Amino acid sequence: MTSQPPPRPAARSYDGEGIVVGFDAHRCLHAAECVRGLPTVFDVGRRPWIQPDNAPADEVADVIHRCPRSCPQSLVWPATPGTHSRGVAEMPE
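Residues numbered from 1 in each chain as written. Predicted model: local features only at pLDDT ≥ 70, side-chain atom pairs only at ≥ 80, totals over all residues. Heavy atoms only, no water.

Help me understand the overall build of the protein in this model?
Within the protein one finds 2 helices and 4 strands. Starting at the N terminus and ending at the C terminus, the protein contains elements arranged as β-β-α-α-β-β. Every one of the 93 residues in the protein was classed for burial, and the buried ones make up 33%. Sequence separation of at least 24 residues holds for 46% of the intrachain contacts in the protein that already meet a minimum separation of 6. By element, 54% of the accessible surface of the protein is carried by carbon and sulfur atoms, the whole surface being about 6300 Å². (Helix = DSSP H or I, 4+ residues; strand = E, 2+ residues; numbered from the N terminus. Buried < 20%, exposed > 50% of the residue type's maximum accessible area, 1.4 Å probe, protein only. Contact = heavy atoms within 4.5 Å. Areas by Shrake-Rupley, 256 points an atom, 1.4 Å probe, with all protein chains shown as cover.)

Help me understand the pattern of salt bridges in this model?
What the rule picks out here adds up to 2 salt bridges. The shortest N-O distance in the salt bridge between R36 and E33 comes to 3.1 Å. Placement of both R36 and E33 in helix 1 (residues 33-37) is noted, with a separation of 3 residues, approximately one turn of the helix. Across the salt bridge formed by R46 and D43, the nearest N and O atoms sit 4.0 Å from each other. Among the residues examined, D43 registers a relative accessible area of 29% and is labelled partly exposed. (Salt bridge = Lys/Arg side-chain N within 4 Å of Asp/Glu carboxyl O.)

Teacher, can you tell me more about helix 2 (residues 57-65) here?
Structural remark: α-helix, 3.6 residues per turn; residues separated by three or four positions point the same way. For helix 2, the set of buried residues is A57, V60, A61, V63 and I64. The buried residues of helix 2 occupy one face: seen down the axis, they fall within an arc of 160°. (Arc of directions from axis to C-beta.)

I keep staring at the packing of aromatic side chains and nothing clicks. Help me out?
The geometry of an aromatic ring pair is captured by two quantities: the separation of the ring centres and the angle between the planes. Taken as a whole, this structure holds 2 aromatic pairs when the rule is applied. Measuring from ring centre to ring centre gives 5.0 Å for F23 and W49, while their planes differ by 85°; the resulting arrangement is edge-to-face. Taken together, the residues F23 in strand 2 (residues 19-23) and W49 in the loop between helix 1 and helix 2 connect sequence positions 26 residues apart. In this pair, the class of F23 matches that of W49, namely buried. Relative to W49, the ring of F42 lies with its centre 6.0 Å away and its plane at 55°, an arrangement referred to as tilted. Using a relative accessible area of 13% as the deciding quantity, one classes W49 as buried. What links up through ring pairs into an aromatic cluster is the set F23, F42 and W49. (Phe/Tyr/Trp six-rings, centres within 6.5 Å; stacked < 30°, edge-to-face > 60°.)

How should the nonpolar core be read in this particular structure?
Here is a general trend for soluble globular proteins: nonpolar side chains tend to be buried in one another's company. Counting 16 residues, the largest nonpolar core has V21, L38, V41, F42, W49, I50 and V60 as its most contacted members. Listing elements by their share of this core, those giving two or more residues are strand 2 and helix 2. Take this core: its biggest share by element is 5 residues, from helix 2. With sequence-adjacent residues up to four places away left out, F42 is seen in contact with V21, C34, V35, W49, I50, V60, V63 and I64. (Core = buried A, V, L, I, M, F, W, Y, C linked by side-chain atoms within 4.5 Å.)

Here it is as structure tokens:
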């Protein structure tokens with residue numbers, strides 16, 4: 001019988017006003033771009049450690065785009081009613 005690694009847990013999601021931040025710990029290189037960029041949103045000493053409402057959604061998305069491996073991901077949508085466009089930071093395959 002071949003032993004298989006345990007199933008990988010799914011990335012966690014943290015919902016905010018106008019943005020959803022997903023995080024995949026298995027991809028993280030601990031470069032701390034998120035923590036240095038927005039410590040009010042990304043604080044490893046707090047639970048939950050990602051609190052997207054602590055900064056404007058566009059600032060959160062900007063910091064997420066600095067991550068070298070796209071560990072946090074963002075799904076941002078405009079606050080304008082009736083608009084369906086979304087900006088997404090995709091994880092590389």
